[in-house]
Structures are given as C-alpha cells and as structure tokens.
Amino acid sequence: SLPAKLINGGIAGLIGVTCVFPIDLAKTRLQNQQNGQRMYASMSDCLIKTIRSEGYFGMYRGAAVNLTLVTPEKAIKLAANDFFRHHLSKDGKKLTLLREMLAGCGAGTCQVIVTTPMEMLKIQLQDAGRIAAQKKLMAAQLSAAAGSAEPVVEARTTATQITRELLRSKGIAGLYKGLGATLLRDVPFSIVYFPLFANLNKLGQKDPDVKAPFYVSFLSGCVAGSTAAVAVNPCDVIKTRLQSLQRGVNEDTYSGILDCTKKIWQKEGPTAFFKGAYCRALVIAPLFGIAQVVYFIGIAEFLLDLLPKHRA
C-alpha cells in the first residue's frame, strides 16, 4: 500500500542519514574547497579537524535539516519508482531495461521537489565550519604579522534563519537555487541506480515470486548506490558549488551550470569534478543498502498489521 511504502522510505532515510552524515559533511567541505584555499587533505583529515575545532557534534551540523526532510525525500523517491514501474509494466511482465530507466528517471524528477531545498539548507550549515576555520587561519596569520591577536568569533546560523532570509529576499525561488544542477545529478543517478539494483537483486532470488534475502538487497543497494554516486559525482560537485551562498577567501562565484563547469575545468582541472567521490560512495552505499533492506523487509507493513490487533 502507498502508506506502507511512504513509511518504509521514511524509516530507511532516517536510519541511513544518522549512520553516514559525518561522511556527507566531509564530502561537502572537500567539494567546496578550491585550489590555494585547501583546509583538508582527505576525508579523515576533515573529520579530525572538525572534531578538534567544533567538537563531536560539529560533524552533525545540518543533520536536523536532513533528518526532517529525508523522510519525504526517500519516501517520494522509492514510492515514485514503484509507481512508474507498475504503470510501465505490461500485464505484469518483466520490464525492459529502457522502461526500468524511464521509471528511475520519473523517480529522480519527483524527488527534487524536496531534495533541492533540503540540500540547499544542509550545504550552508555543513560548509559554515570550513569557512569559519579559513577566516580564523587568515586572521591568525594577519595577527602574527601585525603583532596583535584579535580572535574571530563564528556567527552561528540556523536552518530557520537561512530559510527566512531566503524567502524574504528571493521568495520561494531562493530555496530552489541549483534546481537545474540537482535534476542533472538526481535524474541520471536514478536512471543508473534503480535498474542496476533491480537486476542485482534478482540474482539473489531463487523464485521470482519470493523476495531476495535481506543481505542480497543490502549488498545490491550498496553496489548500485556507490556505482551511481561515482558516475554522477561531477554533477554533484557543480550542484554543491552553485548552492553555496557563502564563499571562502578568494574563492570563485558562479552564475550558472556552464560558468561553474568552465571555471572548475580551467582553474582546478578535470580531477576536481571527482572531489569527494569516495566520500559520496561511502555515504550512498550504506544509505541505499539500508533503505532497500528496510523497504523490502516491509517494516511498515508489520507495524500497520499490528494496529488492528492492538486495538482489538
């Protein structure tokens, strides 16, 4: 049922995000730093420096936004894929690869309704620590040269404050900055992910009418998720750069997708499009592995079945 699908997607998203959010924070900070202004050498270096400067909970900056909006996002993504697969199938026959890709395309298109504002707010909060650390470093260098010490205090902002400011200054369009880049990332991701997962999962089914074991669904989700994540990482780098409202010292600004692509290619080289790729793979693999296990086990069906019994 649709309620069960939505509940399953929501539960899967909450569990997955809680497990992998620090890696996602590292991915955002690595993608946003530009040549000449590098604060972090790797994912582990980023997480260690984050803990030292911001404490353990610094790794979860922006998590509240994700945990709030990931439920509708994952619910829409998974339920929409099932919806399109059902309507593209002919008399219950096996879907062709093209139809599976079309179903994934539909799911990716639907999810950006929630994904774009969620990513927009999350990126501001995740990257705030990097910008603050860069400003402190620059201030320390200037103070050392001038022989004085003026500490830089970071002004903490919340998702609510950012949302109000964007709505006040730019209206609802402010929350959907980078929509084109989000579509450019999420639609190809879903086109790759869902058919790949479905076919990998079928390999573990002894009978077409029986669900694959949970570990098969988990591994299929991990492999399909990490493959799709690395494939669309260049689009994710562009999206992250475009959605960042604040820049570090001497960092470029961008007017659109083409301008961003051109500047990254010219100033940072083609390898810059794969910044944070391994972080993204580490985020997406367990996130979608967990999501598919929860979704295919059907926790929601179990909970919904208990309701009548409980009432009785």
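In this text the structure is predicted, and so the values were computed from the model without any measurement. (Residues numbered from 1 in each chain as written. Predicted model: local features only at pLDDT ≥ 70, side-chain atom pairs only at ≥ 80, totals over all residues. Heavy atoms only, no water.)

Caption draft 1: Just the overall build of the chain, in detail. Looking only at helices and strands, one finds 11 helices and 0 strands in the chain. Listing every helix and strand of the chain by position from the N terminus yields α-α-α-α-α-α-α-α-α-α-α. Looking at the 312 residues of the chain, the share that counts as buried comes to 50%. Across the chain, contacts joining residues at least 24 apart in sequence account for 80% of those joining residues at least 6 apart. As presented, the chain carries roughly 15,300 Å² of accessible surface, and 66% of it is formed by carbon and sulfur atoms. (Helix = DSSP H or I, 4+ residues; strand = E, 2+ residues; numbered from the N terminus. Buried < 20%, exposed > 50% of the residue type's maximum accessible area, 1.4 Å probe, protein only. Contact = heavy atoms within 4.5 Å. Areas by Shrake-Rupley, 256 points an atom, 1.4 Å probe, with all protein chains shown as cover.)

Caption draft 2: Fine view of a nonpolar patch on the surface. Taken together, the side chains of Phe-214, Tyr-215, Phe-218 and Leu-219 make up a nonpolar region of the molecular surface, amounting to roughly 430 Å² of accessible area. Taking the relative accessible area as the measure of exposure, Tyr-215 reaches 48% and is therefore partly exposed. (Patch = residues over 30% accessible without salt bridge, like charges linked within 9 Å, V, L, I, M, F, W, Y side chains within 5 Å. Salt bridge = Lys/Arg side-chain N within 4 Å of Asp/Glu carboxyl O.)

Caption draft 3: Quick peek at the pattern of salt bridges. As enumerated under the stated definition, the model contains 19 salt bridges in all. In this structure, the salt-bridge partner of Lys-122 is Asp-24, at a minimum N-O distance of 2.7 Å. Taken as a pair, Lys-122 in helix 4 (residues 97–146) and Asp-24 in helix 1 (residues 2–32) lie far apart in primary sequence, 98 residues in all. Judged on exposure class, the residue Lys-122 and its partner Asp-24 are both buried. In this structure, Lys-275 and Glu-268 form a salt bridge, with 2.8 Å as the shortest nitrogen-oxygen distance. Taken as a pair, Lys-275 and Glu-268 share a single burial class, namely buried. Counted as one network, the salt bridges with shared partners bring together Asp-24, Lys-27, Glu-119, Lys-122, Arg-185, Asp-186, Asp-236 and Lys-239.

Caption draft 4: Spotlight on the packing of aromatic side chains. Tallying each qualifying case throughout the model produces 8 aromatic pairs. Ring centres 5.4 Å apart and planes at 80 degrees place the aromatic pair Tyr-56 and Phe-57 in the edge-to-face group. Measuring from ring centre to ring centre gives 5.8 Å for Phe-189 and Tyr-193, while their planes differ by 10 degrees; the resulting arrangement is stacked. Here Tyr-193 and Phe-189 lie together in helix 6 (residues 179–202), a separation of 4 residues that amounts to about one turn. What makes Phe-189 buried here is its relative accessible area of 2%. Grouped by ring-pair contacts, the aromatic residues Phe-21, Tyr-56, Phe-57 and Tyr-60 constitute a single cluster. (Phe/Tyr/Trp six-rings, centres within 6.5 Å; stacked < 30°, edge-to-face > 60°.)

Caption draft 5: View of the nonpolar core. Counting 31 residues, the largest nonpolar core has Met-43, Phe-189, Tyr-193, Ile-284 and Phe-288 as the members making the most contacts within it. Among the elements of the structure, helix 1, helix 2 (43–54), helix 3 (63–88), helix 4, helix 6, helix 7 (214–231) and helix 10 (277–297) are those that each provide at least two residues to this core. Examining the composition of this core, we find that 6 residues originate from one element, helix 1, more than from any other. If we skip the residues at most four places from it in the chain, Ile-284 touches Phe-189, Gly-225, Ser-226, Ala-229 and Gly-289. (Core = buried A, V, L, I, M, F, W, Y, C linked by side-chain atoms within 4.5 Å.)

Shape is all these values report; function is a separate question.
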